[in-house]
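Commentary on secondary and tertiary structure
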Amino acid sequence: MWLPKLDYGRKDCPVSECERLRSFLDSKLPLHRSPIIESFRLELSNSIIKPENINTWVATALSRSLSELDISLHDDTDPPKFPNILPSDLFTCKSLAILKLAGEILLDVPGGVSLPSLKTLKLQSVRYFNEETLQRLLSNCPVLEDLVVDLREFDEESAGKLTVAVPSLQSLSIYLFYYQDLDGFVIETPALKYFKLMDHNIIGHYVLIEKMPDLIEAYLEVTFTDLKSIFGAITSVKRLSICSEAIKKLDDDVVFNQLEHLEVCICTLFASADQLIELLKATSKLKSLGISFFDQHTPSGMVCWNQPTTVPECILSNLQSFSWSKYRGEPEERDVVVYFLKHARHLETATIKSSESSRVAKSEMLKELELSPRASATCQLMFD
């Protein structure tokens, strides 16, 4: 009754257990004695717990100077229901610093919203009342720093334009899945330091992103979106991870003049390794290059490798670290590694981690690379 952190429910909660939880919270939560509830977390099924119950519990927690609210609501019915479980007091709570909502929740933001202390907002697969809902909420969070937006797939009710315009935002993660009925998205976050975009939407949409001059790190996993607007906004990034076939459309005027660390996913970028060279030409200060498969990405081999007539400046003058994960020793892969060893004059380490599915013996891979010429006399070749 005095605990400041309350955590109730679980995703696979049986009906009998949920009923006991409902009865317990209905009777005991109003009697909670602590003047402050630091965090209140609920993970429930709305096919068992009624919306009015959740609304009352949340309102009670908010009345105790709540700092963190985390609600996950699951519904196994088809089609799922999207109840409005959020009390109006939520949108004017002065103490709330962290808000996380996930699942079958309707987000309907009233006109008088004001969240002066909210710094972290995570919205995962919720349904928005209309396309203005999110921006109405964001525009009234003056100190918001961390935002995660994970849109629902096949959700026509929330279709329209996604707008994120937050001057104070420092970290932004956006997830768009394969069937997202979205016209496009607009991002205006001038103070951003971390940007993650996973855009696999096969339905055509526009992308408008304002420059991010303070950006330090970006993660791009983009299937069909044109990268022109994205690249133009993140040219000051220092650390970049990317998986996209659209890299081959890189404009000549795009220059990453601060990029020092680059990681590329081989599953799409290396349909032709020539695409990598085009990217490296725009990164004169690069110090570290990693080639790998991102999580849950399917390995695929290179189609071709045409050795460029000119070597990118970053390879000749700055590259210090080179790594390749899930290396299979195929001829095209070997030629790329040999190319870097041959031209990287300041290379200190070259780390090769072999793939378990490789048809080439590890001893043979190692021998081939050890015998290849190296521009750097101090380069250490490490093989796992």
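None of these values were measured; they are calculated from a predicted model. (Residues numbered from 1 in each chain as written. Predicted model: local features only at pLDDT ≥ 70, side-chain atom pairs only at ≥ 80, totals over all residues. Heavy atoms only, no water.)

The next subject is the overall build of the protein. When you go through the protein residue by residue, the secondary structure sums to 9 helices and 20 strands. For the protein, the residues scored as buried account for 51% of the 384 residues in total. Taking the intrachain contacts of the protein between residues at least 6 apart in sequence as the baseline, contacts between residues at least 24 apart amount to 59%. Counting every atom, the protein has about 17,900 Å² of accessible surface; 49% of that belongs to carbon and sulfur. (Helix = DSSP H or I, 4+ residues; strand = E, 2+ residues; numbered from the N terminus. Buried < 20%, exposed > 50% of the residue type's maximum accessible area, 1.4 Å probe, protein only. Contact = heavy atoms within 4.5 Å. Areas by Shrake-Rupley, 256 points an atom, 1.4 Å probe, with all protein chains shown as cover.)

As summarised here, the arrangement of the 3 strands in space is 9-11-13, forming an open sheet in which the pairing is parallel. In this open sheet, the two edge strands, each paired with only one partner strand, are strand 9 (160-165) and strand 13 (206-209). Geometrically, the sheet is characterised by an average inter-axis angle of 10° between neighbouring strands, direction not taken into account. With 6 bridges connecting them, strand 9 and strand 11 (residues 182-188) associate as parallel partners. Opposite glycine 160, over in strand 11, you have leucine 182 as the bridge partner. (Pairing = 2+ DSSP bridges. Axes fitted to C-alpha atoms, helices over the stretch in contact; angles between N-to-C directions.)

Our next topic: the pairing of strand 18 (residues 321-327). Residues in a regular strand point their side chains to alternate faces of the sheet. Two strands pair when backbone bridges link them, and strand 17 (residues 288-292) and strand 18 are joined in this way by 4 bridges, in the parallel orientation. Opposite leucine 289, over in strand 18, you have phenylalanine 322 as the bridge partner. Where strand 18 meets strand 19 (residues 349-354), 6 bridges bridge the pair, whose relative direction is parallel. Bridging across to strand 19, phenylalanine 322 finds its partner in alanine 350.

Looking at the secondary structure, you find leucine 369 in helix 9 (residues 362-370). Remark: the alpha-carbon pair of leucine 369 and arginine 334, spanning 35 residues in sequence, is separated by 7.6 Å. When residues no more than four places from it in sequence are discounted, the contact partners of leucine 369 are Tyr327, Arg334, Val337, Val338, Leu341, Ile352, Arg374, Leu381 and Phe383.

Take phenylalanine 256: it is sitting in the loop between strand 15 (239-243) and strand 16 (261-265). Remark: the alpha-carbon pair of phenylalanine 256 and leucine 286, spanning 30 residues in sequence, is separated by 9.1 Å. Setting aside its immediate chain neighbours within four residues, phenylalanine 256 contacts Phe231, Ile234, Thr235, Val237, Leu279, Ala282, Thr283 and Ser284.

Taken as a class, soluble globular proteins show a tendency for nonpolar side chains to be buried jointly. In terms of nonpolar packing, the biggest core is built from 119 residues, with Phe40, Phe195 and Ile234 touching the most fellow members. Of the residues forming this core, the biggest block, 6 residues, is contributed by helix 8 (residues 331-343). If sequence neighbours within four positions are ignored, phenylalanine 195 has contacts with Leu172, Ile187, Ile209, Met212, Leu215, Glu217, Ala218, Tyr219, Leu220 and Ile234. (Core = buried A, V, L, I, M, F, W, Y, C linked by side-chain atoms within 4.5 Å.)

Each pair of aromatic rings is reported with the distance of its centres and the angle of its planes. For the coordinates displayed, the defined rule picks out 6 aromatic pairs. Considering the side-chain rings of phenylalanine 322 and phenylalanine 340, the 4.8 Å spacing of their centres and the 20° angle between planes classify their relative orientation as stacked. Within this pair, whereas phenylalanine 322 is found in strand 18, its partner phenylalanine 340 is found in helix 8, the two being separated by 18 residues in sequence. Per residue, the accessibility class of phenylalanine 322 equals that of phenylalanine 340, and both read buried. Between tyrosine 339 and phenylalanine 340 the ring centres are 5.8 Å apart and the planes differ by 90°, which places this aromatic pair in the edge-to-face class. As far as the burial class goes, tyrosine 339 and phenylalanine 340 line up, both buried. Grouping aromatic residues by their ring pairs yields a cluster made of Tyr8, Phe24 and Phe40. When the ring centre of tyrosine 219 is taken as reference, the NZ or CZ atom of lysine 196 above it lies at 5.0 Å. (Phe/Tyr/Trp six-rings, centres within 6.5 Å; stacked < 30°, edge-to-face > 60°. Lys NZ or Arg CZ within 6 Å of the ring centre and 35° of its normal.)

Here the structure, examined in full by the defined rule, presents 9 salt bridges. A salt bridge links arginine 41 to aspartate 70; the shortest N-O distance between them is 3.8 Å. In this pair, arginine 41 sits in strand 2 (residues 39-45) while aspartate 70 sits in strand 3 (residues 68-74), placing the two residues 29 residues apart along the sequence. Taking relative accessible area as the criterion, aspartate 70 reaches 14% and is therefore assigned buried. The salt bridge involving glutamate 333 is made with arginine 328; its shortest N-O contact spans 3.8 Å. Taken together, the shared-partner salt bridges in this structure form one network comprising Asp7, Arg41, Glu43 and Asp70. (Salt bridge = Lys/Arg side-chain N within 4 Å of Asp/Glu carboxyl O.)

In this section: the side chain of histidine 200. Looking at the element boundaries, histidine 200 is found in the loop between strand 12 (194-199) and strand 13. For histidine 200, a relative accessible area of 12% translates into the label buried. Within the structure, the side chain of histidine 200 is placed 2.6 Å from the side chain of threonine 223, a separation counted as a polar contact. (Polar contact = N/O pair within 3.5 Å; in protein donor to acceptor, adjacent residues only side chain to side chain.)

What follows deals with the confidence of the model for the protein. Of the residues in the protein, 90% reach a pLDDT of 70 or more, and the chain-wide mean stands at 87. Within the protein, helix 5 (residues 266-269) has the poorest average pLDDT of any element, 67, and strand 6 (residues 120-124) the best, 97. (pLDDT = per-residue confidence, 0-100.)

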